[in-house]
Each structure stands twice: as C-alpha cells, then as structure tokens.
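For reference, the chains in residue letters:
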Amino acid sequence: MNKSLLWVVGAGMIGLVALAFFWMPPAGDFVSPDSARIILFHVPAAILCVVAFLAGGWFAWRFLKRRDPMDDARSAAANEVGFLLAIITTTTGMVFAQQQWGAAWSWDPRQTSILIQLLIYAAYFALRGSLEDPRQRASFSAGYAVFAALTVPFLIFVLPRLPAIANSSLHPKDTLWTRDGLDGYYRAGLYSAFVLYGMLSFALYRMRAQIGCLEVSIRELADRFNAHHRDRVGWNLVVSDEAEPPAEGAAEKSG
Amino acid sequence: MAVVTVVALGFASLGQNLNEGLQAGLLWVALLFGMSGALARGFLVEEETGTADLLRVGATPSSVYAGKWLFHGSLFLVLSAIILPLHALFLKPGSVSALGLGLMWLAGGLSLVSALTFCGALVARTAVKGALLAALAFPVLLPMMLMAVSGTKTAFEGESVWGALQGLCGYGLMLTAGGPWIFERFWRE
C-alpha cells in the first residue's frame, strides 16, 4: 500500500508542478505575476503543518493517557512531518516575499508566528535527543508536544489576527474563504494541491511512524530477551553449582 | 542582574530620550534576566541535591508544581518591586497609562512565571540542562515577550492596551492551566 501510495503521490507532484507552471495563468494584480504560482506549494504546506502538529499533540496526549510507546512514535512522526511542512512554508513564503514585497523577511506577523512555531518544534527535537532512557524520553517529549500543540492554534490563528498586530500584516486576508478571493484556475489548482500535499504528508507520516513503531517493537523484544537471558544465566549457574558436587564425588571415587 | 541591567541602561541613556518601544523592551528584558537566574533554584536544584525523589514520594505532583509556581511568582513580585521603580527613576517614561501598565505587568508576569516553571520542570532531568533550558524556554517565551513589549509600549504612550492584553491573557491562561496537567503525567517517570 505504501509503495503504490508513494507512486501516486510522486506522479501527482510532477503533475502539480506542470499544473502550476504550464496551466495556471500569471496573477494580474501582483508586482511579480508569475510568483503567484507558489501559492500551490505554500498554502497547503502551511495549513497541513498545523494539522500535523495538532495530530502530533493528540498522539502525545494519548500516550500520556495510555502509556503506549507506539503513540509516542506516532506523535514524533507527525511532528517531524509538521516540521518539514513548516520549513517548506517558510522557504516558499520567503521566495514569494522577496519577489512580491521586496524583502525575504519583514517580520510580518505570520512570518513571525511560523518562525516561533519552528523554534518550538526544534526545541521538541532537542529535548527528545537529550534524553537517553526511552521511557523518560517518551514521557517528557509527550508532555512538551502537548504543550507545543496548544500553542499552535494560538500562534497560527489568534496571534496574527489580534487587532494590534493584524494591521501590520502584508499577507492578504480571507483569500481562501471568500468567493472572489481566487479565480477558477487558482481555486482548482489549490484544491488539487491540498489533496496531493495531504497524501504526501500521510505517506511520509505512515513511513516514519512504521519505522518508529518498529524501533519500539525491537526495543521491547530486546528487553524481553535480556530479561529471559538473565533468568537462563541464573538457572545455569544454579545447575552448575548443584552439578559440581557429584562430579567431585565421582572424582574421589575414581581417585 | 536585573538591577544591574536597569542601572546600566539608565546610565547609558543619560541625557537621551528613549522612545516608548525601547523603554518597554528594556523593562521586560530586565524582568526576564532576573527571572532566568531563578531557574536554577526551581526544579534543577531539587534534582541535583536529590530532594526531588523525596518530593516524588511525599507530595502530589500538583502540589509540587503549585509550590514551584508560587516560588517563581513570589520572585517575580520581588523583582518587580525593585525593577519597576528603578525603571521609572532612570528611564522616566512620559504619560503612562497606569491601568494599562498594571494589566500588562500582571498578564505578562502570569505567562512568564508559568512558562519558566514548566520549562524548568521539563529540563531538570535531562543531560544538558543549561543549553536545553534556553532552547526550550526561548520559543515559549518569545510570543509572550512580543505581546508584553507591544502592550507595554502602548501603555507608555498612554493608549489602550486591550489588543495585546487579549492575546497575552489567552497565552498566559493556556500556560497556567496546561502546565500542571502535563506536569502530572511526567513527574513520576
């Protein structure tokens, strides 16, 4: 299933690039009309990174409730996918900003909020890396992941819309949700991009989560094997202790 | 450290008229400096001296968290009692909205105390405490600092702080409510 999904997503992404550069017309009202095509790569990544981070938070919360290490692996996988999508969002946004607004970085509220989000999740991965004990790593990073997920709606939806901050934003408002925000070409292209990015994110998440779950299974198997092996060593020692006296007796007899 | 910061900045700005944005930023930087010194006295010292295990056995997680939160809160009050008058004395802000400044101080303090308590609890048992604490606390504190500085600047201009206050209260309450719940789940690991 994974392999066929990856083939479909790969072919779809090639189709999306073709759609963006050969089918969609340049946007008339823009300073750099061709740069508007980047919307197909920027907007779906921005929205799906929020979904991935929230999914990561939900799995982390489930881990804290049920203590199933697989949930921790799923949480880490979702956060990794979210982090990757946030990097794509930031990079494509900077390219567009350079073309359209004249500077790659202008501390726009949305730029600032995605940067903070990236830093919060970079800290999450730093925390995971600094704890060696798997149980501690799972618990502490799940705690931080729940907390980080709580900041996501705040940073992405609330902070950039605060009256004191919203007016300084260069981002267009409500483009996606109003009838005349996008023309037919851009709307169709954007919906296709959403579907493809969704499939890509799911495929990546699935692969990463499977690897994580496999790691957990191997660790559990190794722990069980070690415990069993320790028992066997103990039993062997006991047997050898008991077995030795007759051997000595036999030696005496023979002597 | 916070006092030294305010005094040094006051001395450096002698004869100059600092704008409201800079004054607001300096006030929160001084408070943050002072509070960051307290982090070592929170959960870290309990882990290093081995008393954290005693707390795990003898106290509920929520009471441990509440105790540390109150410690950080008290320290914030003491620091504010020293820094706010010094800031007013050295930097001489103009037509300040006292109510606005008070509300920003309260909401900002709530966020700052909750964020530092939570991050301190998280890193106390990790291998690289100092570096990790900075890495964890910085992004958590950044939105709070942005809103606190923006609102305090508005208060120093004598205008309404409502916009920044909404955001800061929301963030502070989220940190304050979410922190103990999450802490309970990992404290006994």
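Calculation criteria
- Residues numbered from 1 in each chain as written.
- Chains lettered and ligands numbered in written order.
- Predicted model: local features only at pLDDT ≥ 70, side-chain atom pairs only at ≥ 80, totals over all residues.
- Heavy atoms only, no water.
- 1 Å grid on protein atoms, 1.4 Å probe; cavity = no way out; pocket = protein on both sides within 12 Å on 5 of 7 lines; lining within 4 Å.
- Points joined across faces, edges and corners; volume = space filled by probe spheres on them.
- Helix = DSSP H or I, 4+ residues; strand = E, 2+ residues; numbered from the N terminus.
- Nonpolar A, V, L, I, M, F, W, Y, C, P; charged D, E, K, R; others polar.
- pLDDT = per-residue confidence, 0-100.
- Salt bridge = Lys/Arg side-chain N within 4 Å of Asp/Glu carboxyl O.

Quick look at the layout of surface pockets
All names here are of chain A.
Part 1: Estimates place the volume of the second largest pocket at around 530 Å³.
Part 2: Together, 23 residues line the second largest pocket, and P69, P134, A138, V216 and R219 are the ones closest to its centre.
Part 3: Elements represented by at least two residues in the lining of the second largest pocket include exactly α3 (69-100), α5 (134-158) and α7 (184-254).
Part 4: Considering every element that reaches the lining of the second largest pocket, the biggest residue donor is α7, with seven residues.
Part 5: Looking at the lining of the second largest pocket residue by residue, the classes come out as eight nonpolar, two polar and 13 charged.

As for empty space enclosed by the protein
Part 1: By the definition in use, this model includes one cavity of 30 Å³ or more.
Part 2: If you add up the space inside the largest cavity, you get close to 40 Å³.
Part 3: Taken together, F140 of chain A together with F43, E47, R56, A121, A124, R125, F186 and W187 of chain B make up the lining of the largest cavity.
Part 4: Broken down by class, the residue content of the lining of the largest cavity amounts to six nonpolar, no polar and three charged.

Remarks on the confidence of the model for chain B
Part 1: Confidence in the prediction for chain B averages 83 pLDDT; 95% of positions are at 70 or higher.
Part 2: Across the predicted assembly, pTM comes out at 0.80 and ipTM at 0.76.

Thoughts on the pattern of salt bridges
Part 1: This model, assessed by the stated rule, comprises eleven salt bridges over all chains.
Part 2: Measuring nitrogen to oxygen at the nearest pair gives 2.8 Å for the salt bridge that ties D53 of chain B to R56 of chain B. Taken together, the residues span about one helical turn, with D53 of chain B and R56 of chain B both in helix α4 (residues 51-58) at a distance of three residues.
Part 3: A single network of salt bridges, built from pairs that share partners, joins R62, R66, D68, D71 and R74 of chain A.

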